[in-house]
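Structural description and commentary
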Amino acid sequence: MDTAHASASALAPVRAPAHDLTPSRASRTPTRPAAGDVHVWFVRPPRSGSVPRSPGAAAGTAADSGLPAPDSGLSVAELRRAASFARAGDGDVYATAHAALRRLLGGYLGLPPAGLTFVREPCPGCSGPHGRPAVVQSADAPTLHFSLAHSRGLIAVAVAPRVIGVDVERLPSTGTVEACARALHTRERAELAAVPPEERQAYFGRLWTRKEAYLKALGTGLSRHPRIDYLGADLRRRPARWAVLDLPAGPEHTAAVAVDGARPDRVTVRWLPAHRPGDGPAAPDAAYGSTTDRSPR
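Summary of the structure given here.

The end-to-end C-alpha distance of helix 2 (residues 88-109), which contains 22 residues, comes to 31 Å, matching closely the 32 Å that a straight helix rising 1.5 Å per residue would cover. Burial runs high along helix 2: 20 of the 22 residues are buried.

Right, let's get into the environment of Ser 138. Inspection of the secondary structure assignment puts Ser 138 in the loop between strand 5 (133-135) and strand 6 (145-151). Among the residues examined, Ser 138 registers a relative accessible area of 45% and is labelled partly exposed. Considered as a pair, Ser 138 and Leu 109 are 29 residues apart in the sequence and their alpha carbons are 8.8 Å apart. Only 3.1 Å separates the side chain of Ser 138 from the backbone nitrogen of Asp 140, close enough to count as a polar contact.

Strand order in the open sheet formed by three strands is 8-10-9, and the pairing between neighbours is antiparallel. What marks the edges here is a single partner per strand, and that holds for strand 8 (164-170) and strand 9 (242-247). Averaged over all adjacent pairs, the angle separating strand axes in this sheet is 15°, with direction ignored. Across six bridges, the pairing between strand 9 and strand 10 (residues 253-260) is antiparallel. From the neighbouring strand, Val 244 faces strand 10, where its bridge partner is Ala 258.

Attention now goes to the pattern of salt bridges. When the charged atoms of two side chains lie near each other, side chains of opposite charge can form a pair. Counting across every chain of the model gives 11 salt bridges. Among the ionic pairs, Asp 90 bridges to Arg 87, the shortest N-O distance being 3.0 Å. We classify Arg 87 as exposed; its relative accessible area is 56%. A salt bridge links Arg 236 to Asp 234; the shortest N-O distance between them is 3.1 Å. In this structure, a network of salt bridges that share partners links the residues Asp 234, Arg 236 and Arg 237.

Here we take up unusual backbone geometry. Even without a glycine there, the phi angle at Ser 127 is positive, about 70°. The topology assignment puts Ser 127 in the loop between strand 4 (118-120) and strand 5. Look at Ser 127 and you get exposed, because its relative accessible area is 58%.

On to the packing of helix 1 (residues 76-84) against helix 2, then. Put simply, helix 1 and helix 2 touch, their axes get as near as 7 Å, and they point 155° apart. Overall, the two elements helix 1 and helix 2 adopt an arrangement that is roughly antiparallel. Considering the relative orientation of helix 1 and helix 2, their crossing is right-handed. Along its contact with helix 1, which presents Glu 78, Arg 81 and Ala 82, the element helix 2 presents Gly 91, Tyr 94, Ala 95, His 98 and Arg 102. Partitioning the contact of helix 1 with helix 2 into residue classes produces three nonpolar, two polar and three charged.

Membership of the largest hydrophobic core comes to 20 residues, with the highest contact counts inside it found for Val 38, Val 40, Phe 42, Ile 164, Leu 247, Val 257 and Val 267. At the level of elements, strand 3 (37-43), strand 7 (154-160), strand 8, strand 9, strand 10 and strand 11 (266-271) are the ones that each hand at least two residues to this core. The biggest single contributor to this core is strand 7, with four residues. Core analysis: the next-biggest nonpolar cluster, separate from the first, contains 19 residues, Trp 41, Leu 101, Leu 109 and Phe 146 among them.

It is worth spelling out the pairing of strand 8 at this point. In terms of residue burial, strand 8 counts as a mostly covered element, since six of its seven residues are buried. As paired strands, strand 8 and strand 10 are joined by seven bridges and run antiparallel to one another. From the neighbouring strand, Asp 167 faces strand 10, where its bridge partner is Ala 256.

Given two aromatic rings, one states the distance between the centres and the angle between the planes to describe the pair. Summed over all chains, the structure comprises five aromatic pairs. Arranged with centres 5.0 Å apart and planes meeting at 40°, the rings of Phe 42 and Trp 271 form a pair that is tilted. Remark: Trp 271 occurs in strand 11 and Phe 42 occurs in strand 3; sequence separation between them is 229 residues. Residue classification places Phe 42 among the buried residues on the basis of a relative accessible area of 0%. Residue class for Trp 271 comes out partly exposed when judged on its relative accessible area of 28%. Centre to centre, the rings of Tyr 214 and Trp 242 are 5.6 Å apart; their planes meet at 90°, and the pair counts as edge-to-face. Of this pair, Tyr 214 sits in helix 5 (residues 200-218) while Trp 242 sits in strand 9, placing them 28 residues apart in sequence. Residue Tyr 214 is classed as buried on the basis of its relative accessible area of 5%. Residue classification places Trp 242 among the buried residues on the basis of a relative accessible area of 14%.

The rules behind these values
- Residues numbered from 1 in each chain as written.
- Predicted model: local features only at pLDDT ≥ 70, side-chain atom pairs only at ≥ 80, totals over all residues.
- Heavy atoms only, no water.
- Helix = DSSP H or I, 4+ residues; strand = E, 2+ residues; numbered from the N terminus.
- Expected span 1.5 Å × (residues − 1).
- Buried < 20%, exposed > 50% of the residue type's maximum accessible area, 1.4 Å probe, protein only.
- Polar contact = N/O pair within 3.5 Å; in protein donor to acceptor, adjacent residues only side chain to side chain.
- Pairing = 2+ DSSP bridges.
- Axes fitted to C-alpha atoms, helices over the stretch in contact; angles between N-to-C directions.
- Salt bridge = Lys/Arg side-chain N within 4 Å of Asp/Glu carboxyl O.
- Parallel < 35°, antiparallel > 145°, perpendicular 65-115°, else oblique.
- Left-handed = near helix turned anticlockwise from the far one by under 90°.
- Contact = heavy atoms within 4.5 Å.
- Nonpolar A, V, L, I, M, F, W, Y, C, P; charged D, E, K, R; others polar.
- Core = buried A, V, L, I, M, F, W, Y, C linked by side-chain atoms within 4.5 Å.
- Phe/Tyr/Trp six-rings, centres within 6.5 Å; stacked < 30°, edge-to-face > 60°.

Here it is, written out as structure tokens:
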């Protein structure tokens, strides 16, 4: 659940809306999402130990313990964070996620990935400098908001012209569902209990990713208790002024996105080709799988 984000009635399981799966080709420069659009990018992290490391690192140094190569586009702080994980695989996922975020935002903003500067917005609860992450942008262009999430086996980046939060989670075990259900809203717990046992893991996953996406968009994260807000099947009871949508993330994960305001006109989901930190520029003309949900107004 290591994530970053910035300035995206029935009791039966909620099914993801039908999507029109069509192949597309990435443009050399990503086009900013229109006012009513949301872009979501999924990335598969590399196999453990496959991220290139700094050459010439002496045994026992930070680089030897898991520091990605410096040409990954990551900042010094991000490189050190990637090296700090006890398991190399976790550091690989962190490095790949943040390199993908830089690569995508750099494309949208017309900047080199290494040239991006990230800051923190004020916390909505205490006004401290630990709210939503944001990227420094030109004052002449509309603000581009983003959110980053990664779980075991999948990375998600969401981009929109309004505040957004995204979350992705691997399907939980039965034990995890039982242990974490007590953190849900009362009505959500009732919905979960009404679902057939064989469907509860997926149903809980959808509930939890909606909840985390919404809390990240708020800027509070889990410092706001998960049971306060209802994100279950009854759309009328969900938080006012927010749209929270499930995303198609494959058979092993659930994902959701939350945006400030009305339901998006269109949510486009793309799978980014495998690209490891240190590999150099991504092939801009590689084929992408694209899923577009033309949301009703």
